[in-house]
Amino acid sequence: MHGHCKRLAIAESLAPSESGTMENLVDTLAEYRGRRVLITGDTGFKGSWLSLWLQQRGASVFGYALPPESNSHFNALGLSKLIEHRDGDVRDFKSLSTCINEINPDIIFHLAAQALVIESYRDPKSTSDTNIGGSINILEAVRLNPNVKALVFITSDKCYLNKEVTRGYTELDELGGYDPYSASKAAAEIVFASYAKSFFAHRSSFGAASARAGNVIGGGDWSLNRIIPDCIRSLIAQSPIEIRNPNATRPWQHVLEPLSGYITLGARLLNTGCGNFGSWNFGPPETAVHTVGEVTQRAVDEWGSGSISVSQQDEKLHEALLLQLNCDKAREQLGWAPRWDFQKTIHETIKWYKDFNDGVDALASSTEQLATYELSHHD
């Protein structure tokens with residue numbers, strides 16, 4: 001394998017699946033059986049789903065993150081009993097590097113972040129310290145640990161300089177950001193590219209890539225100022241759902257969609273070996289454009305009751321109205337594609353919350369949803 005390192009290092013791409021067909025996700029998940037997997041941000045929404053998924057498929061999962069919120073998906077699952085979680089802050093380099101050196105993971109999924117645009121306006125410094133400084137700490141700790149075989153470095157679709165164009169952004173489009181959150185994600189991507197080209201491209205038996213995904217929804221998210229959690233809180237309280245920008249569109253996708261992309265990318269990195277494999281978009285088809293208003297109305301319909309009011313808030317913070325991703329690279333080279341359309345995504349999301357509100361065990365509900373997703377076909 002070492003003889004191919006130079007060729008792979010400059011390619012920033014991965015060879016398409018030999019079969020030429022969509023990869024079997026179940027077979028891909030089997031690649032993680034017995035692997036040591038470290039997930040930063042495991043107490044977060046996406047991190048908790050990824051941790052559960054890989055743990056249930058035989059991986060030895062370790063987590064490093066801030067303590068979970070009391071009403072988190074992490075706590076609802078009882079995930080601390082299923083994986084080895086360590087409380088820690090990615091801004092603390094000594095703690096983070098010690099954790100990585102003690103665990104010696106085969107692969108790291110870096111998800112730890114301050115993930116909310118509105119919060120980035122309230123505390124821009126903390127957002128940058130976490131999303132830029134924390135990311136640098138991850139990259140540096142990996143650089144200094146020769147045993148890590150792969151790194152999937154997750155940022156966001158908001159790393160792209162948003163020009164409100166109707167086409168989807170490709171991995172080669174310009175990076176940038178108006179709000180502090182978007183700027184921090186663009187900066188993290190620039191730092192990743194520097195480390196990848198300066199250090200990782202020359203390292204044998206190691207592969208690194210960054211992943212960019214659109215807005216995710218799904219059961220277990222209780223964050224403030226996110227459309228589905230806000231809807232659920234209002235529906236449970238039987239109060240009107242207030243929305244800020246009903247006409248804003250997003251590449252809505254179920255949380256399991258990009259996670260399946262990260263899992264597929266990670267497995268390929270582990271199997272391919274050395275090199276800097278660039279950046280990858282994971283999102284719904286560009287034709288799947290839906291507004292915040294549509295998402296809200298569909299959620300109300302699935303719940304079975306509720307009302308909507310559009311609130312014109314005095315606080316006018318800039319939020320992008322149009323944002324889409326072009327995912328041709330992932331489709332062609334990884335054999336990855338979305339499995340659930342918009343209707344199925346909303347249905348499965350609201351079903352999780354309805355079950356939870358009715359007292360159904362969150363671990364059982366989430367496990368069932370993972371199995372349902374794995375057996376679903378690509379769009």
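Residues numbered from 1 in each chain as written. Predicted model: local features only at pLDDT ≥ 70, side-chain atom pairs only at ≥ 80, totals over all residues. Heavy atoms only, no water.

Asker: Can you help me understand the pairing of strand β4 (residues 107-110) in this one?
Answerer: As a general feature of sheets, a regular strand has side chains that alternate between the two faces. Side-chain alternation along β4 places I107 and F109 on one buried face and I108 and H110 on a second face that is also buried. In this structure, strand β1 (residues 36-40) lies alongside β4, joined through four bridges in parallel fashion. Pairing of T40 across the sheet is with H110, part of β4. Here four bridges tie β4 to strand β5 (residues 150-154), and the two strands are oriented parallel to one another. Across the sheet, residue F109 finds its bridge partner in β5, namely V152. (Buried < 20%, exposed > 50% of the residue type's maximum accessible area, 1.4 Å probe, protein only. Helix = DSSP H or I, 4+ residues; strand = E, 2+ residues; numbered from the N terminus. Pairing = 2+ DSSP bridges.)

Asker: Where do I start with the nonpolar core in this structure?
Answerer: Note on soluble globular proteins: their nonpolar side chains tend to be buried together. With 74 residues, the main nonpolar core has Y32, L54 and F109 as its most contacted residues. With eight residues, helix α10 (residues 256-272) is the largest single contributor of residues to this core. Contact partners of L54, with chain neighbours within four places excluded, come to L29, Y32, V37, I39, A59, V61, F109 and I263. Residues I108, A188, Y195 and A208 belong to the second largest nonpolar core, which totals 25 residues. (Core = buried A, V, L, I, M, F, W, Y, C linked by side-chain atoms within 4.5 Å. Contact = heavy atoms within 4.5 Å.)

Asker: Sorry, what's going on with the packing of helix α7 (residues 124-144) against helix α8 (residues 180-198) here?
Answerer: In a packed pair of helices, the relevant descriptors are the angle between the two axes and the axis-to-axis distance. Remark: α7 packs on α8, axes separated minimally by 9 Å, with the N-to-C direction vectors making an angle of 15°. Relative to α8, α7 is oriented roughly parallel. For the pair α7 and α8, the sense of crossing is right-handed. Across from P124, T127, S128, N131, I132, S135, I136, L139, E140 and R143 in α7, the residues of α8 making contact are P180, Y181, S184, K185, A187, A188, V191, F192 and Y195. (Axes fitted to C-alpha atoms, helices over the stretch in contact; angles between N-to-C directions. Parallel < 35°, antiparallel > 145°, perpendicular 65-115°, else oblique. Left-handed = near helix turned anticlockwise from the far one by under 90°.)

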